[in-house]
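If you want the building blocks of each chain, they are given just below.
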Amino acid sequence: MDVSHQQSQATQGDVNQQYLTFIMGPEEYGVEILSVQEIRGWQKTTAIPNAPEYVKGVINLRGNVVPIIDLRQRFGLTELSYGPTTVVIVVKVKLEKNSKIIGIVVDAVSDVIIVDDKNLRPTPDFGLDTDVRFIKGLTSLSDKMVIILDVHKLLGNEVLPSAQQLSNIIEQLEIPSA
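Computed from a predicted model, the values in this text were never measured in an experiment.

## Side note on the packing of aromatic side chains
Next, step 1: Counting across every chain of the model gives 3 aromatic pairs.
Next, step 2: Between Phe22 and Tyr29, the ring centres sit 5.8 Å apart and the planes meet at 20 degrees, which makes this aromatic pair stacked. You'll find Phe22 and Tyr29 in the same group, each marked buried.
Next, step 3: Judged by centre distance (5.6 Å) and plane angle (45 degrees), the rings of Tyr29 and Phe75 are tilted. Taken together, the residues span a long stretch of sequence, with Tyr29 in strand E2 (residues 27-32) and Phe75 in the loop between helix H2 (71-74) and strand E6 (87-94) at a distance of 46 residues.
Next, step 4: In this structure an aromatic cluster arises from ring pairing among Phe22, Tyr29 and Phe75.
Next, step 5: Over the ring of Tyr54 we find Arg74; its NZ or CZ atom is 5.5 Å from the centre of that ring.

## Focus: the environment of Arg40
Next, step 1: Among the secondary structure elements, Arg40 is positioned in strand E3 (residues 36-41).
Next, step 2: Sequence-distant contacts of Arg40, that is, excluding residues within four places in its chain, are made with Ile59, Leu61, Arg62, Val87, Val88 and Val90.
Next, step 3: At a separation of 3.2 Å, a polar atom in the side chain of Arg40 contacts the side chain of Glu38.

## So, the sheet that holds E2
Next, step 1: The strand order E8-E1-E2-E10-E9 describes an open sheet built from 5 strands, whose pairing is mixed. Edge positions in the open sheet fall to strand E8 (108-116) and strand E9 (135-141), since each of these has one partner strand only. With strand direction ignored, the average angle separating the axes of adjacent strands in the sheet is 30 degrees.
Next, step 2: Relative to E2, strand E1 (residues 16-24) is paired through 6 bridges, and the arrangement is antiparallel. What sits directly across from Thr21, in E2, is Gly30.

## Side note on unusual backbone geometry
Next, step 1: Even without being a glycine, Asn50 presents a positive backbone phi close to 65 degrees.
Next, step 2: Structurally, Asn50 can be placed in the loop between E3 and strand E4 (55-61).
Next, step 3: Given a relative accessible area of 84%, Asn50 falls into the exposed group.
Next, step 4: Phi angles above zero are rare outside glycine, and Arg62 is one such case at about 50 degrees.
Next, step 5: Its place among the elements puts Arg62 in the loop between E4 and strand E5 (64-70).
Next, step 6: Overall, Arg62 belongs to the exposed group, its relative accessible area being 66%.

## Observations concerning the confidence of the model for the chain
In low-pLDDT segments, the atomic positions of the prediction should not be examined closely.
Next, step 1: On average, the chain scores 78 in pLDDT, and the residues at 70 or more come to 74%.
Next, step 2: No element of the chain has a lower mean pLDDT than helix H1 (residues 3-13), which averages 38, and none a higher one than E3, which averages 95.
Next, step 3: A low-confidence stretch, residues 1-12 (pLDDT under 50), is modelled with 2 contacts involving residues beyond four sequence positions or located in other chains.
Next, step 4: The low-confidence segment residues 160-178 (pLDDT under 50) makes 20 contacts with residues lying over four places distant or belonging to another chain.

## Description of the sheet that holds E6
Next, step 1: The mixed open sheet is built from 5 strands, whose spatial order is E3-E6-E7-E5-E4. Of all the strands in the sheet, just E3 and E4 have a single pairing partner and so form its edges. Strand-to-strand twist of the sheet, defined as the mean angle between neighbouring strand axes without regard to direction, takes the value 30 degrees.

## Some thoughts on the environment of Ile68
Next, step 1: By the secondary structure assignment, Ile68 is in strand E5.
Next, step 2: Placed 35 residues apart in sequence, Ile68 and Gly103 show a C-alpha to C-alpha distance of 4.5 Å.

Criteria and cut-off values
Residues numbered from 1 in each chain as written. Predicted model: local features only at pLDDT ≥ 70, side-chain atom pairs only at ≥ 80, totals over all residues. Heavy atoms only, no water. Phe/Tyr/Trp six-rings, centres within 6.5 Å; stacked < 30°, edge-to-face > 60°. Buried < 20%, exposed > 50% of the residue type's maximum accessible area, 1.4 Å probe, protein only. Helix = DSSP H or I, 4+ residues; strand = E, 2+ residues; numbered from the N terminus. Lys NZ or Arg CZ within 6 Å of the ring centre and 35° of its normal. Contact = heavy atoms within 4.5 Å. Polar contact = N/O pair within 3.5 Å; in protein donor to acceptor, adjacent residues only side chain to side chain. Pairing = 2+ DSSP bridges. Axes fitted to C-alpha atoms, helices over the stretch in contact; angles between N-to-C directions. pLDDT = per-residue confidence, 0-100.

Encoded structure:
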């Protein structure tokens, strides 16, 4: 078997994925580009009573109620004031029977990268006290490590109420017009 044939077989089995990378503090994270709906600048949200601290509220996005999650707070990182580079990455999260749209607040968007699945390293085992189910893996990019997140596990049903539940809460908050 010649070498060129072996190389072509190896590349046929490789799967490349594109990821949108973003910055939070000194770390860089990535999410599958196919789950990203859009990137928006930070805008004020409508607060939801009794929501977890990391749920900043909701926005109306073309008629859809979209919950906004501060990923820094969700990860337990130091809070920062929102600035000119602060963005909301709107992602579509797959659930068991349907999907929902969620916005995640991050410090800044970085780049789109292509990662070969064979270069995605497994998450180290940190013991039972650390939940890393939402980390798909780690990859090296130049001289830095990028943490690849699984938004479906990070933002699934156990994290947020459904869009319908949020809509019901918002309707209860609205003051009837006179």
